[in-house]
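Here are the chains, one letter per residue:
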Amino acid sequence: MVDDHRWACMFQQICKETKITSIGYMHGKFHKIQIGLRLNTFDNYVLWDYFFKKQLLGINELYKTKNFFFLPHHGLKKNFIKKNKKIYKNNKIKILYVYEEKVDFQKIFPILKKLSKEKKIQIDIKIRKNTFLNEGLIDFAIENKINLIDENNLNKVFSNDYNFTLAHNSTLLYESFFFNVIPVRIVLKRAPIEDQISDNFFIKITYNLKNYYNFFLKLM
């Protein structure tokens, strides 16, 4: 079973009572507010990496006695290739912004507007199918000639050779790491309670930068 914390606890309990060995498969990030991961356990757990094993043990110490298997997400190696900054002096830096429903569009609009006006930056917006789109976002994308990426296959998404993934709390910040795309997290002044990603895992960006191009170029 994928480790959907909404159902995992019940699934684990049924397996325990019926003496069926359970195997969990990691499909997203971990956080202590995910109650379904804090109570029962899978007998075996397939994780993306040792980094996530440490996160999981921080949520539920009962996993110390369990079996773990490690399978890199999408089967790709997690190695960044240092990119040549000289190449980008005459070319655009490509950024994929991940649209998230729970984020107030009015708060993200200023940073998207600044990025779209940077001549040396190309920004695309990743949306999810069956997701409510703010009308302001659609109008903004059309007005600024920004591509809306409506594709769930990440191999196809990241075939666009992005340099950075820009998001708030999306699992894509983790997943982009396996496609050699640097994850950058937008930090709000007051993080919401559902904010589930460790700040130490990502490069952080705020709204008050004066030159976004230089910021991203220095990271490459």
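Placed above this text is the structure.
Residues numbered from 1 in each chain as written. Predicted model: local features only at pLDDT ≥ 70, side-chain atom pairs only at ≥ 80, totals over all residues. Heavy atoms only, no water.

Quick word on a nonpolar patch on the surface
The grouping of M1, V2, W7, M10, I14, Y25 and L71 at the surface amounts to a nonpolar patch, some 660 Å² of accessible area in total. With respect to the secondary-structure elements, M10 resides in helix α1 (residues 8-17). (Patch = residues over 30% accessible without salt bridge, like charges linked within 9 Å, V, L, I, M, F, W, Y side chains within 5 Å. Areas by Shrake-Rupley, 256 points an atom, 1.4 Å probe, with all protein chains shown as cover. Salt bridge = Lys/Arg side-chain N within 4 Å of Asp/Glu carboxyl O. Helix = DSSP H or I, 4+ residues; strand = E, 2+ residues; numbered from the N terminus.)

Considering the pairing of strand β2 (residues 44-47)
Put simply, side chains in a regular strand alternate between the two faces of the sheet. The alternating pattern of β2 places N44 and V46 and Y45 and L47 on opposite faces, both of which are buried. Two strands pair when backbone bridges link them, and strand β1 (residues 23-25) and β2 are joined in this way by 3 bridges, in the parallel orientation. When the sheet's bridge partners are listed, G24 is paired in β2 with Y45. Where β2 lies against strand β3 (residues 67-70), 4 bridges are found, and the strand directions are parallel. In the strand pairing of β3, Y45 is matched with F68. Regarding the hand of the β-α-β motif, the stretch spanning β2, helix α3 (residues 50-59) and β3 is right-handed. (Buried < 20%, exposed > 50% of the residue type's maximum accessible area, 1.4 Å probe, protein only. Pairing = 2+ DSSP bridges. Right-handed = clockwise from strand over helix to strand, strands pointing away.)

A closer look at the side chain of Q12
Here Q12 shows up in helix α1. A relative accessible area of 3% means that Q12 is categorised as buried. If sequence neighbours within four positions are ignored, Q12 has contacts with G36, N40, T41, F42 and Y63. (Contact = heavy atoms within 4.5 Å.)

Considering the layout of surface pockets
One water molecule sets the probe size; rolling that probe over the atoms shows where empty space is left. The space that makes up the second largest pocket amounts to roughly 160 Å³. What lines the second largest pocket is Q12, C15, K16, K19, I20, S22, L39, N40, T41, D43, L62 and K66. A class-by-class count of the residues in the lining of the second largest pocket yields 4 nonpolar, 4 polar and 4 charged. (1 Å grid on protein atoms, 1.4 Å probe; cavity = no way out; pocket = protein on both sides within 12 Å on 5 of 7 lines; lining within 4 Å. Points joined across faces, edges and corners; volume = space filled by probe spheres on them. Nonpolar A, V, L, I, M, F, W, Y, C, P; charged D, E, K, R; others polar.)

Comments concerning the environment of F177
With respect to the secondary-structure elements, F177 resides in the loop between α7 (172-175) and β8 (182-186). Residues F177 and T165, spaced 12 residues apart in sequence, show a C-alpha to C-alpha distance of 8.9 Å.

A few points about the nonpolar core
Judged by nonpolar contacts, the single largest core of 29 residues is most densely connected at I95, Y97, L112, L115, I205 and F216. Other than its neighbours up to four places away in sequence, I95 contacts L115, I121, Q122, I123, D124, Y162, F164, L166 and F216. Listed in part, the 16 residues of the second largest apolar core include A8, M26, F30 and L37. (Core = buried A, V, L, I, M, F, W, Y, C linked by side-chain atoms within 4.5 Å.)

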